[in-house]
Amino acid sequence: MLIELQHIQKQFGGHAVLIDANLQVNVGERIGLVGRNGSGKTTLLRLIVGVDAPDEGTIYRKQRLHIGYLAQIPDHPGKSGRDVLYTAFAELTRLGDEMRQLEEQMASSDDIDTLLETYGALQTRYENGGGYVIDSKVNAMIDGLRLTRFVDRPFATLSGGERTKVGLALALLQEPELLILDEPTNHLDLEAMAWLEAFLRDSPSTLLLVSHDRVFLDAVATRIVECEDGELTSFDGNYSAFVAQKEKRLLDQFHAYTEQQKKIKKMKETIRQLRQWANEGNPPNEKFYRRAKSMEKALARIETIKRPRLEAVQPDIQFTANGRTGRDVFEAIDVTVRYDRSVFEHVSFYTGHGERVAIVGPNGSGKSTLLKVMLGHVEPTSGTVRRAERARIGYLSQHIDFDDSHRLIEAFRARIAVDEGQARQLLAHFLFYGASVFKPVKDLSGGEKMRLMLAILMHEDVNVLVLDEPTNHLDIEAREALEDALDRFTGTLVAVSHDRYFLNKLFPITYWLDGTATRFPGNVTYALEKRQHEPEAVVIVPKKMKSAAATMTAVDVRDISTDEARLNKLEAAHQALLRQMNETNDLTELLTLQQQADILQTDIDTLLDHLLESM
């Protein structure tokens, strides 16, 4: 055992974050810590490390336990990023320096035997400690986490994300007994994430990981600990196993709760009946009074089971596609963007009506820039870009900026024309309740800003959604709500994301951007496998296009099975609307349902046309 927490309590400003937290961390485990934003995960890590102290309870740590925790990254004046990585081997570096000094002394000394004996002892320690493989370890880390582009720059000049990646690499190289990582996949691209997963599975360190990345937790974790309502609950296995076990546990708890409630109700009814019988006696029957009193004591001793919450509290997100865009929504032909350097060259890109297209690639490859080119926010250096004239585009940027002088409700009403009462009702669907709607925008967390932006986007008149890292800052429950809403959206969807679960669930077409564009007729897992195992099978979007027709031939390759599945969904939704129309007597609701049914029918007709053309 490395760490044990017993009955931990912690409050901040009168708010109880942890109420009765118990946890044991054993050697060799890889524990994934999950929970809603604000549930106390980071507080728990700070208590384990010793940065904070609990208000109540006890924390036991193994003596001389070496804990690696990537929190605030210290400055390293005068060092490059590479120099910082070598500090993981400070003791071995010192031994190497002593060995070199002895080598110089041996070259000029007559007493070589004593020096050789000292040198041999140092060399043994150096070799056993891995001194001769330091360079290969550092280089492997640089390649795996994709640090090459900036690792040799002065550390002081690196961005926050670049410093975080160097700090992560440093923590991994130190190989502590217990390695604690808080959102380690943040700032990593897809291939770096896959490398990190493999590295952590082979790591000798015991791991405690906080993450909202479900694919990462599936790949790495051997146990999931959920932080909920101030308590910790442990589940063996990875994230998928946790989901299945939690569902079963909740159903078992609900069954036990309902059975207990039946028992309590029956006991209360019996007590009432006994008292009634006692009072009806003449004189009153003391025997019935005693039995009623005895049963009341038994009832008071029952430890009541708390009603389990079967459904997680999630934002209520619903996107509606209003009107048609036409067949071709976005089309880029041979587009190049250059500033002081080339961002990407000869990129061609196509999205048709109703398609769901993901754009992925390494950090700095220009994914956000490509979105801005498609939207007309950035002019390309060369090439042609076309957008559907009837496209009403809802755009979610990963850099969410509001007027800092506004309160939350004012920021919402600045974009959506509703009165204060309506605004409060709409914001409640996104978990902004009571006085929280008057919170200054500048004080919102990243997750709160993203929920506010999604609330605004949901109430705009759109038929195309363009999303740049939409799952950033969202906890797993909010991500699932967003995924469900986008799955129901009947318009066109284009997104940039590093969330593999999100990408796999929603996007059957993937563009890989890395200098130029490569199109894969499959989701991101398909794209990663093709890049790794079958590089010759990738579909390179042609660099030179003679005409728009040529572009269409090269890019508009449809996966018929995907279209057929989409058609089935649309037809099922259309039938559901028709059933609702038959059941309602409200004229306003009937007109609304008729409008939605007409839009769906148009989408069905268009998709059928596409299918017929593909056959």
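In this text, all values refer to a predicted model and were calculated from it rather than measured experimentally.

Participant: Explanation requested: the overall build of the protein in the structure shown.
Facilitator: Scanning the protein from N- to C-terminus turns up 20 helices and 19 strands. Taken along the three principal axes of its C-alpha coordinates, the protein extends 120 × 80 × 50 Å. Across the 615 residues in the protein, those meeting the buried criterion constitute 45%. Within the protein, counting contacts between residues at least 6 apart in sequence, those at least 24 apart form 67% of the total. For the protein, the accessible area works out to roughly 30,900 Å², and carbon and sulfur atoms hold 48% of it. On the protein, the mean spot of the 74 positive side-chain charges and the mean spot of the 91 negative ones are 6 Å from each other.

Participant: Would you take a moment to explain the packing of helix H5 (residues 134-144) against helix H6 (residues 160-174) for this structure?
Facilitator: Between two packed helices, both the angle of their axes relative to each other and the distance between the axes serve to describe the pair. Relative orientation of the contacting elements H5 and H6 amounts to 140 degrees, with a least axis distance of 10 Å. Relative to H6, H5 is oriented oblique. Here H5 runs over H6; the crossing is right-handed. In this structure, H5 contributes Lys137, Val138 and Met141 to the contact, and H6 contributes Ala169, Leu172 and Leu173. The residue inventory of the contact of H5 with H6, partitioned by class, reads five nonpolar, no polar and one charged.

Participant: Sorry, what's going on with the pattern of salt bridges here?
Facilitator: Note that side chains of opposite charge can pair when their charged atoms are close. In total, this model carries 34 salt bridges according to the counting rule given. For Asp499, the salt bridge goes to Arg214, with nearest N and O atoms at 3.5 Å. Taken as a pair, Asp499 in the loop between strand S16 (492-496) and helix H16 (500-506) and Arg214 in helix H8 (residues 214-220) lie far apart in primary sequence, 285 residues in all. Each member of the pair, Asp499 as well as Arg214, is classed as buried. In this structure, Arg415 engages Glu460 in a salt bridge whose closest nitrogen and oxygen atoms are separated by 2.9 Å. Placement of Arg415 in helix H12 (residues 408-415) and of Glu460 in the loop between helix H14 (446-458) and strand S15 (464-468) is noted, with a sequence separation of 45 residues between them. Classification of Glu460 by relative accessible area gives partly exposed; the value is 21%. Via salt bridges that share partners, Arg214, Arg479, Glu483, Asp484, Asp499 and Lys505 belong to a single interconnected network.

Participant: Which parts of the structure should I look at to understand the packing of aromatic side chains?
Facilitator: To describe a pair of aromatic rings, one takes the distance between the centres and the angle between the planes. Tallied over the entire structure, the rule returns nine aromatic pairs. Pairing Tyr126 with Tyr132 gives two aromatic rings, centres 5.0 Å apart and planes at 90 degrees, and the pair type is edge-to-face. Of the residues examined, Tyr132 reaches a relative accessible area of 49% and is grouped as partly exposed. Each ring, one from Trp277 and one from Phe288, has its centre 5.6 Å from the other, and the planes form 55 degrees; the classification is tilted. Here the residue Trp277 occupies a position in helix H9 (residues 239-280), and Phe288 occupies one in helix H10 (residues 286-301), the gap between them amounting to 11 residues.

Participant: Would you mind showing me how to read the environment of Val151 here?
Facilitator: Within the secondary structure layout, Val151 lies in the loop between H5 and H6. Expressed as a C-alpha distance, the spacing of Val151 and Leu85, which sit 66 residues apart in the sequence, is 9.2 Å. Once residues lying within four places of it in the same chain are set aside, the contact partners of Val151 are Ser80, Gly81, Arg82, Leu85 and Ile142.

Participant: In this structure, what is going on with the sheet that holds strand S2 (residues 15-25)? I would like to understand it.
Facilitator: Sheet strands associate in pairs through backbone hydrogen bonding, adopting either a parallel or an antiparallel arrangement. Overall, antiparallel pairing links the three strands, which are arranged S2-S1-S4 in an open sheet. Across the chains shown, the open sheet's two edge strands, defined by having one partner strand only, are S2 and strand S4 (56-61). Put simply, the sheet's adjacent strands are angled 25 degrees from each other on average, direction ignored. Relative to S4, strand S1 (residues 3-12) is paired through five bridges, and the arrangement is antiparallel. Bridging from a neighbouring strand, Gln6 pairs with Thr58 of S4.

Analysis parameters
- Residues numbered from 1 in each chain as written.
- Predicted model: local features only at pLDDT ≥ 70, side-chain atom pairs only at ≥ 80, totals over all residues.
- Heavy atoms only, no water.
- Helix = DSSP H or I, 4+ residues; strand = E, 2+ residues; numbered from the N terminus.
- Buried < 20%, exposed > 50% of the residue type's maximum accessible area, 1.4 Å probe, protein only.
- Contact = heavy atoms within 4.5 Å.
- Areas by Shrake-Rupley, 256 points an atom, 1.4 Å probe, with all protein chains shown as cover.
- Lys, Arg positive; Asp, Glu negative; His and termini not counted.
- Charge placed at Lys NZ, Arg CZ, Asp CG, Glu CD.
- Axes fitted to C-alpha atoms, helices over the stretch in contact; angles between N-to-C directions.
- Parallel < 35°, antiparallel > 145°, perpendicular 65-115°, else oblique.
- Left-handed = near helix turned anticlockwise from the far one by under 90°.
- Nonpolar A, V, L, I, M, F, W, Y, C, P; charged D, E, K, R; others polar.
- Salt bridge = Lys/Arg side-chain N within 4 Å of Asp/Glu carboxyl O.
- Phe/Tyr/Trp six-rings, centres within 6.5 Å; stacked < 30°, edge-to-face > 60°.
- Pairing = 2+ DSSP bridges.

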